[in-house]
Amino acid sequence: IMGLVGLVSRLNYHFADQISPVCAYNKRWEIKFGGADEEKIKVIYNGIDVNRFRKMEVPRSDRPTVITVARIDPLKDIETYIRACDLVRKKIPDVLCKVYGPPVDEKYFKRCQKLVKELKLENNFVFAGKTSTPERAINEGDIFILTSISDAFPFAVLEAMACEKVVVSSDVGGVKEVLEGYGFLIKPKDYKSFADRIIYLFENPSVLAEMSIASRERV
């Protein structure tokens, strides 16, 4: 099957007048595996509705809050988020970490729930379930986190930035193309560095406020 996919891709790249990946990072695959002519490649970044995704007042906890909107599966590496929350909790005891998203991998979801119990994070980490209003979910938090181990150019990062949230994300795919200089990029699975950046932002509210506004302007 992969051979057929590769053949179809190479044919399309050969006959195309323009090839438009969603981020410059994806160019490498089109050139390496598809034999694409680099001169044909013109990046068109994912776009979002900045009128829908904006800073807004929503019912939320008054605790310092970290949010993510992501499927609960191994690629999103929710375990790293949980471990980062544990370290943050040791410095900021009332921190609240929430994840909005469906558990698409039940076995992995149970593993994450077990880790929360093992670390005694029941009062700090919440699985909030699927949401049809991610713009409201994002606005429940002060900081947005993305711990994916693989991604291309995730909408969630753009949406969070448009909502004036500072993003702390793993350095995967094309994330740095929008986030570098406006948020924090972390090596995948490095939960200590995720925690360090979250603590830094909560302990420096003026920096958090300035970066929040800059994030919106960047998007």
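That block above? That's the structure.
Here the structure is a predicted model, which means the values were calculated and not measured. What you see as residue numbers is a count from 1 along each chain, following the sequence as written. Owing to the predicted nature of the model, reporting of local features is limited to residues with pLDDT of at least 70; listing and counting of side-chain atom pairs is limited to 80 or more, with chain, interface and lining totals taken over all residues. The side-chain numbers reported here are obtained from all heavy atoms of the structure, hydrogens and water having been left aside.

(A) Seen up close, helix 9 (residues 205-218). The end-to-end C-alpha distance of helix 9, which contains 14 residues, comes to 20 Å, matching closely the 20 Å that a straight helix rising 1.5 Å per residue would cover. In this description, contact between two residues means that some pair of their heavy atoms is separated by no more than 4.5 Å. Only DSSP runs of H or I covering at least 4 residues are called helices, and only runs of E covering at least 2 are called strands; the numbering of each starts at the N terminus. As for helix 9, its buried residues are in contact with strand 4 (143-146), helix 6 (155-162), strand 5 (166-170), strand 6 (184-186) and helix 8 (191-203). A helix is expected to span 1.5 Å multiplied by its residue count minus one.

(B) Just the packing of helix 8 against helix 9, in detail. Helix axes are fitted only over the stretch in contact, all axes being lines through C-alpha atoms; the angle between N-to-C directions runs from 0 to 180 degrees. Look at helix 8 against helix 9: their axes get within 5 Å of each other, and the N-to-C directions meet at 100°. Judged on the interaxial angle alone, helix 9 and helix 8 are roughly perpendicular. Of helix 9, the residues touching helix 8 (which contributes Tyr200, Leu201, Phe202 and Glu203) are Pro205, Val207, Leu208 and Met211. Residue classes follow a fixed rule: Ala, Val, Leu, Ile, Met, Phe, Trp, Tyr, Cys and Pro count as nonpolar, while Asp, Glu, Lys and Arg count as charged, and any other residue, Gly among them, counts as polar. For the contact of helix 8 with helix 9, a count of residues per class yields seven nonpolar, no polar and one charged. Any angle between 65 and 115 degrees counts as roughly perpendicular, while under 35 counts as roughly parallel, over 145 as roughly antiparallel, and the rest as oblique.

(C) Broad picture of the pairing of strand 5. Across the five residues of strand 5, five count as buried, placing the element largely inside the fold. Both faces of strand 5 are covered, namely the face carrying Val166, Val168 and Ser170 and the face carrying Val167 and Ser169. Bridge analysis of strand 4 against strand 5 gives four bridges, and the strand direction is parallel. Across the sheet, the residue bridging to phenylalanine 144 is valine 167, located in strand 5. By convention, a crossover is right-handed whenever its connection, traced from the first strand over the helix to the second and viewed with the strands pointing away, goes clockwise. Taken together, strand 4, helix 6 and strand 5 form a β-α-β motif whose crossover is right-handed. We treat two strands as partners when DSSP finds at least two bridges between them. Sheet analysis places strand 5 next to strand 6, joined by three bridges and oriented parallel. Paired with valine 168 across the strands is phenylalanine 184, a residue of strand 6. Residue burial is assigned from relative accessible area. The probe radius is 1.4 Å, only protein chains are included, and a residue is buried under 20% of its type maximum, exposed over 50%, and partly exposed in between.

(D) Up close: the packing of aromatic side chains. Paired rings are identified among Phe, Tyr and Trp, the last through its six-membered ring, by centres lying within 6.5 Å, and are further divided according to the angle between planes into stacked (under 30 degrees), edge-to-face (over 60) and tilted (the rest). Evaluation of the coordinates by the stated rule reveals six aromatic pairs. With centroids separated by 5.2 Å and ring planes inclined at 65°, the aromatic side chains of phenylalanine 125 and phenylalanine 127 adopt a geometry described as edge-to-face. Relative accessible area serves as the criterion here: at 4%, phenylalanine 125 is assigned to the buried category. Judged by relative accessible area, phenylalanine 127 falls into the partly exposed class, the value being 24%. With a centroid separation of 6.3 Å and 90° between ring planes, the pair formed by phenylalanine 184 and tyrosine 200 is classed as edge-to-face.

Everything listed here is a matter of geometry and, on its own, says nothing about what the molecule does.
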